[in-house]
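Next come the chains, spelled out residue by residue.
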Amino acid sequence: MVADARAETIRLPRHHRPWTSYIVPAIGLTLVGLVVAWLVVNAVKDWTTFVQLTLTGTTRGALYGLVALGYTLVYGILELINFAHGDVFMIGGMIAATFALDVFDLGVNPALGILVLAILASLAVCMFGCGILNASIERVAYRPLRSAPRLVPLITAIGMSFILQDVALIWKGSLPVQLPPQTLPHGDIFTLGTCPKCATYRWDQFFVLMVDIPVLILLVWLVQYTRRGKAMRATAQDKDAAAMMGIDVNRTISFTFLVAGALAGAAGVIFAYFTTSVGFTSGFTLGLIAFTAAVLGGIGNLPGAVLGALLIGLIQDYNEGLSWHAPGTAWTQSIVFGILILILVFRPQGLLGERTPEGG
Amino acid sequence: MGVVEGEARPPWHRESLGELWRRQPDWEKRLIKTGIVLAVVLGLGFSGQLQRSGQFWAIVIVVIAVFNWRSILKLFWWALDAVGVKDAKARWAKQSPLMQRAIPPVAIALPVIFLTWAAGTPPSPALLVLLAVCYVLYVLPSNARKYALPVTVLALAITYPLYLDKLFQVPVFKVFPSMDTMVAIALFSMMAIGLNMVVGYAGLLDLGYVAFYAIGAYTAAWLASPHFSQYGIDFDLGATGVPQGIGGIHISIWLVILIAAALTALGGILIGLPTLRLRGDYLAIVTLGFGEIVAQVARNGDSGGLGFNLTNGPPGINPIDPPGFGSHLNFIIQQGQYVNFVDLIYWSALALLLITIFCSIRLRDSRLGRAWIAIREDETAAAAMGIPLMRTKTWAYAGGAFFGGAAGAWYGTYKQGVFPDDFFFNISIFILCMVILGGMGNVWGVIAGAAFLTYLDREGLANISGWINDNITNCDPTAADPSRPISGGCFNGPLLSFGIYGAIIVLVMLLRPGGLIPERRRLLEVETGVHDQPLYDVQSAGAHEIVDETLPEDV
């Protein structure tokens, strides 16, 4: 080997990016800048509303996060958009509502002991039930199609989603199941500013975080520090190699669906108690929003899903609550899907994700 | 340790129920099958659910015959032999293939018809005609049958309004579809063919097809209604039957269909350009998003939501001009003697459908269509062969959107109004379900799927649940809760419709992934998985090497 001195002096021609390649990022950054400017103007004009919306948006985002994690877990391991996931979540909400109404018979402002007991019991039942449901959906509808083109299981997932909606429809009818309006305590934890123009944080909003954060910690522990979690990560990275290392891939996939379903079940409990109304279509819309959150954060990326969900929750609440040039509730879905499309056009890998061929 | 049937099993192998079944001798399988079905039928009969009349025994006989036809045939030859007709079987084998096809149905059908006649129920003429048509189609040699079937179906479809009110009632499904349903069938077939161009030919899953339908319908509403009179716009071009001085834009519906289709195709291109870089499921989600956005714009597009009354919000735009058929035909319609308005609508929808079919097939066989199929099968290979991906995909979108828009415009004028609630996500899935059920990529299958599902949606589900309520369950309509699909012993099928379509999608994908009438080439793809990265393929890791050998050269 001749260490040629000249080789160090040779400079490769610098690769110039054509100026057109800067157009798309420039447009994207301009859009982000406009949104930030809009938020700043709104915050300056009416800071209490802004803070209030930030608090409610975080609450909403925490709920979306649990559902988004389910999408991202399944996508990470199978590259399949589990369309039925939102409906598994809805079934969880229905189970929780049934527990609250028929088993524990909660009324307006129930005693704290009974309430905690009811929530813990429905969490256990919903997480277990939805996990089993999700895993059996995988067994019935996705596993037989493993060698089919990728769109085929996506299509069956849509079919499963409609079937689950019908199950809820047969079970509960087309009218939403209503919990008593103040099942959770509605007292203030803290107040900012002088009421009537003030921002408050209520106990029922805090309840969402009280369930959410332990579940998230449990998930992180499961994925990062257990053998099962290691198997999940290995399977997501390379199924053949994982199989060669002695990991039972099918079982790991089933387990992933179980975990995703359990997260959806927990989200269902939160949803039922927090919004006090679960209809058979609740899952579909919320599922799509949560999916958008997962894409926004970078699908397949667990912290990304939570970040995306928080952002989507905030954006949704800012849109519905701010006064200066906010499109309003009627346009929420359009805005969420607009974000989805913009993300896929400008940054297909999402905020925290890595570049994938799908995002091309 | 004995070796079972030439195949060595490891000692820990547990025989599954399926293997046990497959190991049984043939006659035993037949016996078991007959036994199970007969047990069900007899059980129903003796528990009083089915009337034990002639029909009931006919079902029993048919069940036995279907499962044991080989044995019955053997019995038949043996009986002939016993009667004295020697070598009947050998002589039958010498007959020409045409005779072999032609004689058995007659030999079976004639005695049945005469027996039922003798039992007191004369066969209805319509049934006889139907049987005769089926028989002729069956007997024709295959090259003639290729044309005979479409021609017969077309003839039956065209003359449908003439014999509709003379038709008999079918047991479970009750009456034949009404003219309204037939128009809907023609239009949904158009839309399904359009979607088939995107999904079936080019392999791009589009979950927002309803957007194209909406754009077409709203274009018709803008160009042929008094809607824009509120902005003082007044324009008239060839529209007939429009009251004087009503204002707004009134263009002849036939022109409007073309304009709407072209505009929708443009919309398809606009939607496609930013999204077609994405692959597979991402594209599906983005199209879904676009579909929802278009639907929401339709719902909010009044002066309150948009600052400009574009779509008139939730009430929709109403009325749209009815289609004109020229002064001469209009005069005949007003007489009301020979043809109805709805018949003319039906025939023109049929004509549009025929044009769509023609274009779709010609497009499929064109250079562009072959490029679509190449992209569907392997995008990377297609690009390597010099197919411009973006342009080809955009054309697929535009083509699919074109027919969706035309159908939407036509439906708008037929209903004489557009309403934003018609453009839900569910409709996209409904149309997708037609394509999947019929057979992706196969125009005829798609039409069959569209016809069946549209009928089910409009009348079938209601009829079937009515039959179930009358005959199987003890339905008490006063006790039934209208918000629940099953309550008070009543079954409300239409409420469950989308779950039923979902179940159809799942079952078709699991059991018959090519659809009811599969396209051969597409079927190969599904079965061997040539087209895409397989979903999660651990066990059949060796399948890819086999694929290349099993692909026939001539597909």
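Just so you know, the residues in each chain are numbered from 1, in the order the chain's sequence is written. Chain letters and ligand numbers both follow the written order, the letters beginning at A and the numbers at 1. Under the rules for a predicted model, residues below a pLDDT of 70 receive no local features and side-chain atom pairs below 80 are neither given nor counted, while totals for whole chains, interfaces and linings still include all residues. Note that the side-chain values use all heavy atoms of the structure and ignore hydrogens as well as water.

*Asks:* So what exactly am I meant to see when it comes to the overall build of chain A here?
*Replies:* Summing up its helical and strand segments, chain A has 13 helices and 4 strands in all. For a compact globule of 360 residues, the expected C-alpha radius of gyration is about 21 Å, and chain A comes in at 23 Å, within 12% of that figure. Counting only C-alpha atoms, chain A reaches 85 × 55 × 35 Å along its principal axes. Think of it in three bands: with a 1.4 Å probe and only protein chains considered, a residue is buried below 20% of the maximum accessible area for its type, exposed above 50%, and partly exposed in between. Going through the 360 residues of chain A one by one, you find that 54% of them count as buried. A sequence separation of at least 24 residues applies to 76% of the contacts in chain A between residues at least 6 apart. Entry remark: accessible area of chain A is about 16200 Å², with carbon and sulfur atoms responsible for 68%. Separation between the mean location of the 21 positive side-chain charges and that of the 19 negative ones in chain A comes to 8 Å. Secondary structure elements are defined from DSSP: runs of H or I of at least 4 residues count as helices, runs of E of at least 2 residues count as strands, and each element is numbered from the N terminus. Two things to know: the radius of gyration comes from C-alpha atoms, and the globule rule equals 2.2 Å times the number of residues to the power 0.38. Pairs of residues are marked as contacts when any of their non-hydrogen atoms sit within 4.5 Å. Exposure was quantified through the Shrake-Rupley algorithm and a 1.4 Å probe, taking into account, for residues, occlusion by the shown protein chains and nothing else. For this count, His and the chain ends are skipped, Lys and Arg are scored as positive, and Asp and Glu as negative. We put the charge of a Lys on NZ, of an Arg on CZ, of an Asp on CG and of a Glu on CD.

*Asks:* What's the story with the confidence of the model for chain A in this structure? I'm lost.
*Replies:* Residue and element names in this part refer to chain A. Averaged over all residues, the pLDDT of chain A equals 87, while 94% of them reach at least 70. pLDDT is defined as a per-residue confidence score from the predictor, taking values between 0 and 100. Across chain A, the secondary-structure element scoring lowest on mean pLDDT is helix α1 (residues 5–9), at 57, and the one scoring highest is helix α10 (residues 249–275), at 94. Across residues 356–360 the pLDDT falls below 50, and counting only partners more than four positions away or on other chains, this stretch makes 11 contacts in the model.

*Asks:* Any chance you could explain the pairing of strand β2 (residues 188–192) of chain A here in plain terms?
*Replies:* Consecutive side chains of a regular strand alternate in pointing toward one face of the sheet and then the other. By the convention used here, strands pair only if DSSP detects at least 2 bridges between them. Bridge count for β2(A) against strand β3 (residues 199–202) of chain A is 4 bridges, and the pairing is antiparallel. Along β3(A), the bridge assignment pairs Phe190(A) with Tyr201(A).

*Asks:* Please explain the domain arrangement of chain B as it appears in this structure.
*Replies:* Often, the extent of an interface is quoted as the loss of accessible area upon association of its parts. By domain assignment, chain B separates into domain 1 (17–123) and domain 2 (179–525). For every domain, the bounds stem from an assignment made automatically or drawn from a database. On a C-alpha basis, the centroid separation for the pair domain 1 of chain B and domain 2 of chain B is 44 Å.

*Asks:* I keep staring at a nonpolar patch on the surface and nothing clicks. Help me out?
*Replies:* Residue and element names in this part refer to chain B. Two joining distances apply to patches: 9 Å for like charges and 5 Å for nonpolar side chains (Val, Leu, Ile, Met, Phe, Trp, Tyr), and every residue must have over 30% relative accessible area and no salt bridge. Just to be clear on terms, a salt bridge is a Lys or Arg side-chain nitrogen sitting within 4 Å of an Asp or Glu carboxyl oxygen. Residues Tyr231, Ile233, Phe235, Leu237, Leu255, Ile259, Leu263, Leu266 and Phe308 make up a contiguous nonpolar surface patch of about 750 Å² in total accessible area. Counting only elements with at least two residues in the nonpolar patch, the list comes to β2 (234–237) and α12 (253–275). Looking at the nonpolar patch element by element, the count peaks at 4 residues for α12. By secondary structure assignment, the location of Leu255 is in helix α12.

*Asks:* Got a minute to help me understand the interface of chain A and chain B in this structure?
*Replies:* Across the contact, 63 residues belong to chain A and 56 residues belong to chain B. Simply put, the buried area is the total loss of 1.4 Å probe accessible area from both parts when two parts are fitted together. Both faces combined, the contact of chain A with chain B buries some 5200 Å², and carbon together with sulfur accounts for 71% of it. Broken down residue by residue, the surface that chain A buries against chain B is led by Arg146(A), Phe162(A) and Trp331(A), which jointly contribute 13%. In this assembly, chain A and chain B are joined by 0 salt bridges.

*Asks:* Looking at this model, I keep getting lost on empty space enclosed by the protein. Mind explaining?
*Replies:* Cavities and pockets are defined on a 1 Å grid built over the protein atoms alone: a cavity is a set of grid points where a 1.4 Å probe fits but cannot escape, while a pocket is an open set with protein on both sides within 12 Å along at least five of seven lines, and lining residues are those with an atom within 4 Å of any such point. Grid points are joined across faces, edges and corners, and a volume is the space filled by probe spheres set on the points. Summed over all chains, the structure comprises 4 cavities of 30 Å³ or more. Estimated volume of the largest cavity: approximately 80 Å³. Lining of the largest cavity is provided by 11 residues; of these, Leu151(A), Val199(B), Gly203(B), Met440(B) and Arg522(B) occupy positions nearest its centre. Breaking the lining of the largest cavity down by element, the ones donating at least two residues are α6 (151–172) of chain A together with α23 (520–528) of chain B. Here the lining of the largest cavity takes 3 residues from α6(A), the largest share from any one element. For the lining of the largest cavity, the class distribution of residues is 7 nonpolar, 2 polar and 2 charged. Looking at the second largest cavity, its volume works out to about 50 Å³. Lining the second largest cavity are Tyr213(B), Ala217(B), Gly408(B), Tyr411(B), Gly412(B), Lys415(B), Gly417(B), Val418(B), Phe419(B), Asp422(B) and Phe423(B). Going through the elements one at a time, α11 (210–223) and α19 (389–415) of chain B are the ones with two or more residues in the lining of the second largest cavity. Broken down by element, the residue count for the lining of the second largest cavity peaks at 4 residues, all from α19(B). For the lining of the second largest cavity, the class distribution of residues is 6 nonpolar, 3 polar and 2 charged. Classification used: nonpolar for Ala, Val, Leu, Ile, Met, Phe, Trp, Tyr, Cys and Pro, charged for Asp, Glu, Lys and Arg, polar for all others including Gly.

*Asks:* Sorry if this is basic, but what is going on with the sheet that holds β2(B) here?
*Replies:* Hydrogen bonding along the main chain pairs the strands of a sheet, whether they run parallel or antiparallel. Residue and element names in this part refer to chain B. Spatially, β1-β3-β2 is the arrangement adopted by the 3 strands of the open sheet, whose pairing is mixed. The strands lining the two open edges of the sheet, one partner per strand, are β1 (224–225) and β2. Note: β2 against strand β3 (residues 248–251), 4 bridges, orientation parallel. Bridge pairing in β3 links Leu237 to Ile251. Note on geometry: axes are lines fitted to C-alpha atoms, helical ones only across the stretch in contact, with angles between N-to-C directions running from 0 to 180 degrees. Here α12 sits on the sheet in contact with β1, β2 and β3, set at roughly 100° to β3.

*Asks:* How should the packing of aromatic side chains be read in this particular structure?
*Replies:* Centre-to-centre distance and the angle between the planes together describe a pair of aromatic rings. Residue and element names in this part refer to chain B. Two aromatic rings, drawn from Phe, Tyr or Trp (for Trp, its six-membered ring), form a pair once their centres lie within 6.5 Å of each other, and the interplanar angle then sorts them: stacked below 30 degrees, edge-to-face above 60, tilted otherwise. As enumerated under the stated definition, the model contains 28 aromatic pairs over all chains in all. Arranged with centres 6.3 Å apart and planes meeting at 20°, the rings of Tyr201 and Trp372 form a pair that is stacked. In this pair, Tyr201 is assigned in helix α10 (residues 179–201) and Trp372 in helix α17 (residues 367–377), connecting sequence segments 171 residues apart. In terms of burial, Tyr201 and Trp372 fall into one category: buried. Consider the rings of Tyr213 and Phe423, whose centres lie 5.2 Å apart with planes at 80°: the pair is edge-to-face. Taken as a pair, Tyr213 in helix α11 and Phe423 in the loop between α19 and α20 (425–438) lie far apart in primary sequence, 210 residues in all.

*Asks:* Could you clarify how one ought to interpret the pattern of salt bridges in this entry?
*Replies:* Side chains that differ in sign of charge can pair as their charged atoms come close. All chains considered together, the criterion is met by 8 salt bridges over all chains. In this structure, Asp204(A) and Arg202(A) form a salt bridge, with 3.1 Å as the shortest nitrogen-oxygen distance. Looking at Arg202(A), the relative accessible area reads 25%, which means it is partly exposed. Two residues, Lys415(B) and Asp422(B), come together in a salt bridge whose shortest N-O distance is 2.8 Å. Given a relative accessible area of 33%, Lys415(B) falls into the partly exposed group. Under the relative-accessibility criterion, Asp422(B) is labelled partly exposed at 23%.

*Asks:* What is the right way to read unusual backbone geometry from this model?
*Replies:* With glycine set apart, most residues show a phi of negative sign, and most peptide bonds adopt trans. At the junction of Asn318(B) and Pro319(B), the peptide bond is cis and its omega measures out at 5° in the coordinates. Relative to the helices and strands, Pro319(B) resides in the loop between α14 (303–306) and α15 (326–335). Positive phi values are uncommon outside glycine, yet Asp105(A) reaches one of about 55°. Counting through the fold element by element, Asp105(A) comes out in the loop between α4 (85–103) and α5 (112–142).

*Asks:* Just to check I follow, could you spell out the packing of α20(B) against helix α22 (residues 497–511) of chain B for this structure?
*Replies:* Helix-helix packing: each pair is described by the crossing angle between the helix axes and the interaxial distance. Residues and elements named next belong to chain B. Running from amino to carboxyl end, α20 crosses α22 at an angle of 35°, the nearest separation of the two axes being 10 Å. Between α20 and α22 the crossing geometry is left-handed. Across the interface between the two elements, Asn426, Ile429, Phe430, Cys433, Ile436 and Leu437 from α20 touch Phe498, Tyr501, Ile504, Ile505, Val508 and Met509 from α22. Each residue belonging to the contact of α20 with α22 can be placed in one class, and the counts come to 11 nonpolar, 1 polar and no charged. Crossing handedness is read from the near helix: turned anticlockwise from the far helix by less than a right angle, it gives a left-handed crossing, and turned clockwise, a right-handed one.

*Asks:* How should I be thinking about α19(B) in this particular structure?
*Replies:* Every α-helical turn comprises 3.6 residues, leaving residues that sit three or four positions apart pointing alike. All names here are of chain B. A helix is expected to reach a length of 1.5 Å times the quantity of its residues less one. With 27 residues, α19 extends 39 Å between its outermost C-alpha atoms, agreeing within 8% with the 39 Å of an ideal straight helix rising 1.5 Å per residue. Taking burial as the measure, the 27 residues of α19 include 21 buried ones, the bulk of the element. Following α19 by one or two positions, Gln416 adopts a phi angle in the positive range, close to 55°.

*Asks:* I keep staring at the pairing of β3(B) and nothing clicks. Help me out?
*Replies:* Residue and element names in this part refer to chain B. Burial of β3 is two-sided: the residues Gly248 and His250 facing one way and the residues Ile249 and Ile251 facing the other way are all buried. One ladder, built from 2 bridges, connects β1 with β3; its direction is antiparallel. Paired with Ser225 across the strands is Ile249, a residue of β3.

*Asks:* What is the right way to read the environment of Leu223(B) from this model?
*Replies:* Residues and elements named next belong to chain B. For Leu223, the location among the structural elements is in helix α11. Under the relative-accessibility criterion, Leu223 is labelled buried at 15%. Those residues in contact with Leu223 that lie beyond four places of it in its chain are Ile249, His250, Ile251, Val256 and Ile259.

*Asks:* Before we go on, may I ask you to explain the packing of helix α12 (residues 302–321) of chain A against helix α13 (residues 332–346) of chain A in this structure?
*Replies:* All names here are of chain A. Where α12 contacts α13, the axes come no closer than 10 Å and their chain directions differ by 140°. Note on packing geometry: the crossing formed by α12 with α13 is right-handed. Between α12 and α13, the contacting residues are Ile312, Ile315, Gln316, Asn319 and Glu320 on the first element and Thr332, Ile335 and Ile339 on the second. Counted by class, the contact of α12 with α13 contains 4 nonpolar, 3 polar and 1 charged residues.

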